[in-house]
Amino acid sequence: MLLPGRRPPFDVRIGAAHAPAPLSVSHLERGGIVLADGAARQTLAFDDHGPRCDNPALFDALLRLNAAGVPFQYQPQVVDAPARLMAWWQEAGRLADTFAEIAWLSPGQWRITTIPVPVRGVMGWDGSAGPFPG
């Protein structure tokens with residue numbers, strides 16, 4: 001994920017090989033935030049009207065999950081993936097906190113990266129979020 005305004009290295013925690021992944025925000029579906037806990041799935045409903053990047057119900061729900069320490073799955077091909085929304089909200093100044101992103105290094109090993117709030121001037125970032133690509 002392109003993360004303007006953030007300077008690596010980021011804080012990273014790597015799970016032991018074949019250790020179960022923690023509860024995470026897997027993805028969004030129509031009207032639902034899908035949480036994954038191993039093979040188990042749970043869906044939290046939200047009012048899914050209008051663009052997701054401007055959806056207050058989704059924003060509030062993801063903020064609550066972030067405050068609870070739940071990581072957001074890295075999905076580079078999904079335009080409105082929860083981790084992308086969180087990064088964009090940081091860049092837009094709506095999210096003034098870090099969030100955790102979970103990605104898989106291999107089928108049996110995960111990595112959690114803490115994504116810091118961007119800082120104007122770091123790596124040439126001008127402080128703008130630009131339009132959400134969704």
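Residues numbered from 1 in each chain as written. Predicted model: local features only at pLDDT ≥ 70, side-chain atom pairs only at ≥ 80, totals over all residues. Heavy atoms only, no water.

A. Here's a closer look at the environment of Ala87. Within the secondary structure, Ala87 is located in helix α2 (residues 82–91). Considering only alpha carbons, one finds Ala87 and Leu28, 59 residues apart in sequence, at a separation of 16 Å. (Helix = DSSP H or I, 4+ residues; strand = E, 2+ residues; numbered from the N terminus.)

B. Representation of the packing of aromatic side chains. Scanning the entire structure with this criterion turns up three aromatic pairs. Ring centres 5.4 Å apart and planes at 75° place the aromatic pair Trp88 and Phe132 in the edge-to-face group. A residue pair is termed long-range when its members are at least 10 positions apart, and Trp88 in helix α2 and Phe132 in the segment after β7 (109–115) qualify at 44 residues. For Phe132, a relative accessible area of 14% puts it in the buried group. A cation sits over an aromatic face here: Arg94 above Phe59, 4.1 Å from the ring centre. (Phe/Tyr/Trp six-rings, centres within 6.5 Å; stacked < 30°, edge-to-face > 60°. Buried < 20%, exposed > 50% of the residue type's maximum accessible area, 1.4 Å probe, protein only. Lys NZ or Arg CZ within 6 Å of the ring centre and 35° of its normal.)

C. Structural view of α2. Buried residues dominate α2, accounting for nine of its 10 residues. Every buried residue belonging to α2 is among Pro82, Ala83, Leu85, Met86, Ala87, Trp88, Trp89, Gln90 and Glu91, and all of these are buried. Looking at the buried side of α2, the elements it contacts are β2 (24–29), α1 (56–67), β5 (72–73), β6 (99–106) and β7. (Contact = heavy atoms within 4.5 Å.)

D. Structural view of unusual backbone geometry. Cis geometry is found at the peptide bond from Pro8 to Pro9, where omega equals 5°. Here Pro9 shows up in the segment before β1 (12–14). The backbone phi angle of His18 is positive, close to 65°, even though this residue is not glycine.

E. Main features of the pattern of salt bridges. Counting across every chain of the model gives three salt bridges. Salt-bridge contacts for Arg6 lead to Glu91; the nearest nitrogen and oxygen are separated by 2.9 Å. Of the two residues, Arg6 sits in the segment before β1 while Glu91 sits in helix α2, which places them 85 residues apart along the sequence. Each of the two residues, Arg6 as well as Glu91, counts as buried. Ionic pairing is found between Asp80 and Arg52, a salt bridge with its closest N-O pair at 3.1 Å. Here Asp80 is found in the loop between β5 and α2, whereas its partner Arg52 is found in the loop between β4 (40–45) and α1, with 28 residues between them in sequence. Sharing partners across several salt bridges, the network here consists of Asp48, Arg52 and Asp80. (Salt bridge = Lys/Arg side-chain N within 4 Å of Asp/Glu carboxyl O.)

F. The arrangement of the environment of Ala45 in detail. Considering the arrangement of structural elements, one finds Ala45 in strand β4. In this structure the C-alpha to C-alpha distance between Ala45 and Gly31, which are 14 residues apart in sequence, comes to 5.6 Å. Excluding residues within four positions of it along the chain, Ala45 makes contact with Gly31 and Gly32.

G. Seen up close, the packing of α1 against α2. One way to put it is that α1 packs onto α2 with a least axis distance of 11 Å and a crossing angle of 100°. The angle between the axes of α1 and α2 places the two elements in the roughly perpendicular class. In this structure, α1 contributes Leu58, Phe59, Leu62 and Asn66 to the contact, and α2 contributes Leu85, Met86 and Trp89. Residue composition of the contact of α1 with α2, grouped by class: six nonpolar, one polar and no charged. (Axes fitted to C-alpha atoms, helices over the stretch in contact; angles between N-to-C directions. Parallel < 35°, antiparallel > 145°, perpendicular 65-115°, else oblique. Nonpolar A, V, L, I, M, F, W, Y, C, P; charged D, E, K, R; others polar.)

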